[in-house]
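# Summary of structural features
Listed below, chain by chain, are the residues.
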Amino acid sequence: VDPAALSGGEARRVALARVLAPQPDILLLDEPTNHLDLPAIEWLETELHQSRSALVLISHDRRFLENLSRSTVWLERGSTRKLSKGFAFFEDWRDAELEREDVERHKLDRKIAMELDWVRYGVTARRKRNQRRLRELNEMRERRRTEMRAAGKVNLAIAAAPQSSKVVIEAIGLKKSFGAKPIVTDFDLKIASGDRVGFVGPNGAGKTTLLNMLTGLLVPDEGTIRIGETVNMVTLDQRREHLDPEETLGGIMTGGSGDTVVAGERRVHVATYLKDFLFSSEQLRTPVARLSGGERGRLMLARAFAKPSNLLVLDEPTNDLDLETLDVLQEKLTEYQGTVLLVSHDRDFLDRIVSSVVTLERPSVWREYPGGYSDMLRQRGSDLKIPEAKPQKKLRKVAPQNEDTAKSKKKLSFKEQYALQTLPEEIARLEENRDKLREKISDPQLYNRDPNSFNDLTAALIEIEGELREAEDKWLELELLREALSGN
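Right, let's walk through the structure included here. (Residues numbered from 1 in each chain as written. Predicted model: local features only at pLDDT ≥ 70, side-chain atom pairs only at ≥ 80, totals over all residues. Heavy atoms only, no water.)

Each helix and strand in the chain was counted, giving 16 helices and 15 strands. For the chain, the residues scored as buried account for 45% of the 488 residues in total. At a minimum sequence separation of 6, the contacts of the chain that also span at least 24 residues come to 67%. (Helix = DSSP H or I, 4+ residues; strand = E, 2+ residues; numbered from the N terminus. Buried < 20%, exposed > 50% of the residue type's maximum accessible area, 1.4 Å probe, protein only. Contact = heavy atoms within 4.5 Å.)

On the surface, Ile26, Leu28 and Val56 cluster together to form a nonpolar patch covering roughly 320 Å² of accessible area. Judged by its relative accessible area of 45%, valine 56 falls in the partly exposed class. (Patch = residues over 30% accessible without salt bridge, like charges linked within 9 Å, V, L, I, M, F, W, Y side chains within 5 Å. Areas by Shrake-Rupley, 256 points an atom, 1.4 Å probe, with all protein chains shown as cover. Salt bridge = Lys/Arg side-chain N within 4 Å of Asp/Glu carboxyl O.)

As a further point, take the side chain of serine 344. Looking at the element boundaries, serine 344 is found in the loop between strand S13 (339–343) and helix H11 (347–353). A polar side-chain atom of serine 344 sits 3.0 Å from the main-chain amide nitrogen of aspartate 346. With residues near it in sequence (within four places) discarded, serine 344 still touches Leu38, Phe199, Val200, Glu316, Thr318 and Leu350. (Polar contact = N/O pair within 3.5 Å; in protein donor to acceptor, adjacent residues only side chain to side chain.)

Neighbouring strands of a sheet are bound in pairs by backbone hydrogen bonds; such pairs are parallel or else antiparallel. Reading across from one edge, S6-S5-S8 is the order of the three strands in this open sheet, with antiparallel pairing throughout. Edge positions in the open sheet fall to strand S6 (181–192) and strand S8 (222–227), since each of these has one partner strand only. Direction aside, neighbouring strands of the sheet carry axes that sit 15° apart on average. Here eight bridges tie strand S5 (residues 167–178) to S6, and the two strands are oriented antiparallel to one another. Within S6, the position partnered with serine 177 by the bridge is proline 182. (Pairing = 2+ DSSP bridges. Axes fitted to C-alpha atoms, helices over the stretch in contact; angles between N-to-C directions.)

Let us now look at the environment of leucine 44. Looking at the secondary structure, you find leucine 44 in helix H2 (residues 38–50). Taking C-alpha positions, leucine 44 is 9.8 Å from leucine 20, a pair spaced 24 residues apart along the chain. Leaving out residues up to four positions away in the same chain, leucine 44 has contacts with Leu16, Leu20, Pro32, Leu36 and Phe64.

Attention shifts here to empty space enclosed by the protein. If you walk through the whole model with that rule in mind, you get two cavities of 30 Å³ or more. Put simply, the second largest cavity is a space of about 30 Å³. Residue assignment for the lining of the second largest cavity shows that the elements contributing at least two residues are helix H10 (323–335) and H11. Ranked by the residues each element gives to the lining of the second largest cavity, the list is headed by H11, at three residues. By residue class, the composition of the lining of the second largest cavity is two nonpolar, one polar and four charged. (1 Å grid on protein atoms, 1.4 Å probe; cavity = no way out; pocket = protein on both sides within 12 Å on 5 of 7 lines; lining within 4 Å. Points joined across faces, edges and corners; volume = space filled by probe spheres on them. Nonpolar A, V, L, I, M, F, W, Y, C, P; charged D, E, K, R; others polar.)

Membership of the largest hydrophobic core comes to 65 residues, with the highest contact counts inside it found for Tyr273, Leu274 and Leu299. In this structure, leucine 274 is in contact with Leu249, Met253, Phe279, Leu284, Leu299 and Ala302, ignoring residues within four places of it in sequence. Listed in part, the 49 residues of the second largest apolar core include Leu189, Leu210, Ile427 and Ala459. (Core = buried A, V, L, I, M, F, W, Y, C linked by side-chain atoms within 4.5 Å.)

With that settled, the discussion passes to the packing of aromatic side chains. All chains considered together, the criterion is met by five aromatic pairs. Between tryptophan 74 and tryptophan 93, the aromatic rings sit 5.9 Å apart at their centres with planes inclined by 75°, giving edge-to-face as the arrangement. With tryptophan 74 in strand S3 (residues 72–76) and tryptophan 93 in helix H4 (residues 90–121), this residue pair connects regions lying 19 residues apart in the sequence. Tryptophan 93 shares its class with tryptophan 74; the two are buried. Ring centres of phenylalanine 87 and phenylalanine 90 lie 5.4 Å apart, and the angle between their planes is 20°; this geometry places the pair in the stacked category. For the residue pair phenylalanine 87 and phenylalanine 90, the accessibility class agrees, reading buried in each case. Counting every residue linked through ring pairs, the aromatic cluster contains Trp74, Phe87, Phe90 and Trp93. Here the guanidinium or amino end of lysine 85 rests over the ring plane of phenylalanine 89, the centre of that ring lying 5.0 Å away. (Phe/Tyr/Trp six-rings, centres within 6.5 Å; stacked < 30°, edge-to-face > 60°. Lys NZ or Arg CZ within 6 Å of the ring centre and 35° of its normal.)

A word on the environment of glutamate 45. Within the element layout of this structure, glutamate 45 appears in helix H2. Separated by 19 residues in sequence, glutamate 45 and phenylalanine 64 have C-alpha atoms that sit 7.2 Å apart.

Turning our eyes to something else, we now look at helix H12 (residues 373–380). All of the buried residues in H12 are Tyr373, Met376 and Leu377. Projected down its long axis, H12 shows its buried positions confined to an angular sector of 100°, all on one face. Contact partners of the buried residues in H12: H2, strand S7 (196–200), H11, strand S14 (356–362) and strand S15 (365–370). (Arc of directions from axis to C-beta.)

A complete count under the given rule lists 21 salt bridges for this structure. Of the charged contacts in the structure, one is a salt bridge between lysine 175 and glutamate 222, with a shortest N-O distance of 3.8 Å. Of the two residues, lysine 175 is situated in strand S5 and glutamate 222 in strand S8; the sequence distance between them amounts to 47 residues. Judged by relative accessible area, lysine 175 falls into the partly exposed class, the value being 28%. Classification of glutamate 222 as partly exposed rests on a relative accessible area of 45%. We note a salt bridge from arginine 367 to glutamate 361, for which the minimum N-O separation is 3.9 Å. The network of salt bridges with shared partners includes Arg63, Asp348, Asp351 and Arg352.

Written out as structure tokens, the structure reads:
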């Protein structure tokens with residue numbers, strides 16, 4: 001199978017299996033939690049804790065770094081500094097370093113001012129000494145100009161609409177199935193104004209389906225949903241499917257007309273508004289296709305937060321954002337007077353933001369727990385065991401199973417050889433069918449035009465994605481077994 005044809009989650013699972021199976025002396029992991037759901041992240045943490053390999057991690061997942069790191073390297077404006085402690089101690093140390101720099105900068109400014117005063121009014125008879133002091137003054141100016149200082153920060157502001165009614169969303173007895181597969185069963189939820197509700201669960205469990213029903217985008221098979229009359233909702237689709245790759249930053253923000261954007265109740269120049277999101281005026285004509293993942297994330301935030309709202313629906317808003325931007329986003333969401341519905345795999349962000357968590361209790365059964373993510377775990381138990389979270393279970397067994405099997409057999413059976421040869425073709429066929437269904441479902445008018453067709457296509461997509469995961473897992477297991485046997 002061509003790795004380029006895999007989805008982000010599929011490619012990450014294969015990559016992790018490949019690097020963990022040999023048990024190397026050193027593991028270099030660059031954003032290993034990207035595209036993984038929470039059960040898979042926690043499984044990966046357990047595996048790395050038990051691993052005897054040295055770890056070098058790059059990640060914006062605070063909880064992941066806190067749980068695994070023993071020392072921290074800070075890369076800032078081209079320079080590096082090392083803290084001989086884990087990430088849990090990093091932020092206090094970083095703030096102390098920045099405060100120390102501010103003090104040193106203030107002292108340098110005062111010294112430069114004194115030397116300038118001497119140049120203007122001091123004694124000039126001793127020329128050699130004067131030349132030396134002038135050189136020192138120029139050196140201080142150069143040092144002041146090039147010294148490290150804190151990088152620019154995002155200045156997020158969320159445009160607020162008038163306060164919503166006390167009950168924002170009320171759901172009673174919701175049920176939803178796609179074909180023969182139930183997604184939501186007998187679900188009740190009441191969301192009041194100002195609530196912050198997090199939704200967690202494995203990929204493909206139905207978080208988006210549940211969220212779409214609660215926000216009125218999808219009709220349940222059974223049950224009722226009541227949305228407050230004064231609710232003004234803004235949705236942040238972190239999949240970024242609605243960003244035209246050929247459109248420019250300025251065009252995305254202005255709709256292709258004019259050079260101003262309405263942010264709440266004020267109209268400002270688009271360059272001024274985007275500056276708060278760390279975009280320069282020179283980038284206004286940059287096509288979306290040329291933006292990095294982090295820049296696209298900031299652009300989505302800029303577009304969403306310009307619209308007045310009292311209900312924010314955020315689907316993975318932390319993807320590709322750096323730690324400083326995450327801090328500011330957290331601060332603004334904390335100050336936000338409206339209601340927040342948040343889908344996220346970032347445990348630290350969930351703990352800092354949400355007042356309750358809706359999670360999958362068992363297949364199609366969802367339950368709300370008061371408190372943050374850690375509170376939910378304490379109420380459920382020490383870990384997040386969800387029956388449908390299959391990827392991490394299979395990954396965990398791949399290496400030991402192949403080692404033990406390789407010891408007890410010398411070659412693949414005829415059936416295994418045949419499966420290894422034919423599975424790539426089967427996977428390619430499933431991928432082609434999946435992509436066709438995704439293309440049809442991506443039509444934004446499809447549900448309004450033909451809701452029955454939308455539901456049928458979605459059910460077919462879920463079934464094909466399940467078959468595709470099973471085929472890929474089987475191929476991966478056989479391929480690793482073949483490699484283990486060839487090394488005997």
